[in-house]
Amino acid sequence: VVSENAVEITRDTDKQIEELYVAVGDTVRINEKLFEYDTDTLSLTIDKQELELDKLEQQIKDLTTQVKDLEKQIKTEKAKKEKNQDKQLLATLEMSLRQVNVDLTTATYDKNALQTEIKYNKSMLTNAAVRSPIKGTIRSINENGSPYITIQQAGSYQVKGVLNELSLNAGIMEGVGVTILSRVDPTQFWTGVVTLVDYNAGGSNEQ
């Protein structure tokens with residue numbers, strides 16, 4: 001007897017779990033906390049990244065100032081009459097401007113990439129607690145594999161079984177109404193409808 005839906009919860013193996021709040025057999029509600037990642041290391045990483053971001057922003061500011069100064073010097077030098085131009089100085093200034101522009105592009109790229117990382121890490125910090133998306137029962141917890149947690153959804157249930165050729169010949173087919181009797185209490189029974197007959201389920205028997 002299984003419920004119609006089971007949800008598998010995976011974990012990020014790169015992160016340590018600070019606390020597990022459920023055990024096998026527990027009933028959980030929607031949005032109930034299942035486990036929580038260790039946030040101390042992540043908080044420290046964000047602090048370091050924000051310091052690095054401050055350095056990059058200052059570097060970009062300095063490089064931008066250098067670009068403006070070099071462009072001004074080049075403009076001044078080019079404005080001189082041909083005989084008064086220092087061609088060696090002009091070439092040096094233009095080469096310096098190209099290099100500073102490269103450094104500025106690199107620093108801007110690094111800043112944007114770092115901002116993306118910080119945004120992601122902050123979202124992970126906010127969502128450090130992993131919660132149940134459904135109401136159900138904890139069916140399994142796998143500490144060393146995937147999925148980490150399997151939740152069996154509460155609600156209507158299905159019965160799976162193996163049928164032989166005699167049962168199939170008796171008219172068990174999809175859409176047929178059936179009554180299931182309890183082996184423990186003969187006074188208990190459940191009614192339902194056959195939703196699937198899988199002829200490829202296994203072996204010499206049919207499921």
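Further up the page is the structure itself.
Rules and cut-offs
- Residues numbered from 1 in each chain as written.
- Predicted model: local features only at pLDDT ≥ 70, side-chain atom pairs only at ≥ 80, totals over all residues.
- Heavy atoms only, no water.
- Pairing = 2+ DSSP bridges.
- Helix = DSSP H or I, 4+ residues; strand = E, 2+ residues; numbered from the N terminus.
- Phe/Tyr/Trp six-rings, centres within 6.5 Å; stacked < 30°, edge-to-face > 60°.
- Buried < 20%, exposed > 50% of the residue type's maximum accessible area, 1.4 Å probe, protein only.
- Core = buried A, V, L, I, M, F, W, Y, C linked by side-chain atoms within 4.5 Å.
- Contact = heavy atoms within 4.5 Å.

## Re the sheet that holds strand β7 (residues 136-141)
Here we have four strands laid out as an open sheet, ordered β2-β8-β7-β4, and antiparallel in their pairing. Because the sheet does not close on itself, it has two edges, and the strands there are β2 (6-9) and β4 (27-28). In the sheet, β2 pairs with strand β8 (residues 149-153) via four bridges, with the strands oriented antiparallel. In the strand pairing of β8, Ile 9 is matched with Ile 149.

## Some details on the packing of aromatic side chains
How two aromatic rings sit relative to each other is set out by the distance from centre to centre and by the angle between their planes. All told, the structure shown has two aromatic pairs when counted by the stated rule. Relative to Tyr 148, the ring of Phe 35 has its centre 5.0 Å away and its plane inclined at 85 degrees; by these criteria the two rings are edge-to-face. Taken together, the residues span a long stretch of sequence, with Phe 35 in strand β5 (residues 33-37) and Tyr 148 in the loop between β7 and β8 at a distance of 113 residues. On the basis of relative accessibility, which here comes to 0%, the residue Phe 35 falls in the buried class. By way of ring pairs, the aromatic residues Phe 35, Tyr 37 and Tyr 148 are connected into one cluster.

## Examining the nonpolar core
Proteins that are soluble and globular tend to have nonpolar side chains buried together. Ile 9, Leu 34, Phe 35, Ile 138, Ile 149 and Ile 151 are the most contacted members of the largest nonpolar core, which has 13 residues in total. Among the secondary structure elements, those contributing two or more residues to this core are β2, β5 and β8. Take this core: its biggest share by element is three residues, from β5. For Phe 35, the residues in contact, after removing those within four places along its chain, are Ile 9, Thr 10, Arg 11, Ile 17, Glu 19, Leu 20, Tyr 21, Ala 128, Ala 129, Val 130, Tyr 148 and Ile 149. Listed in part, the 11 residues of the second largest apolar core include Ile 60, Leu 63, Val 67 and Ile 74.

Shape descriptors only; they carry no functional weight alone.
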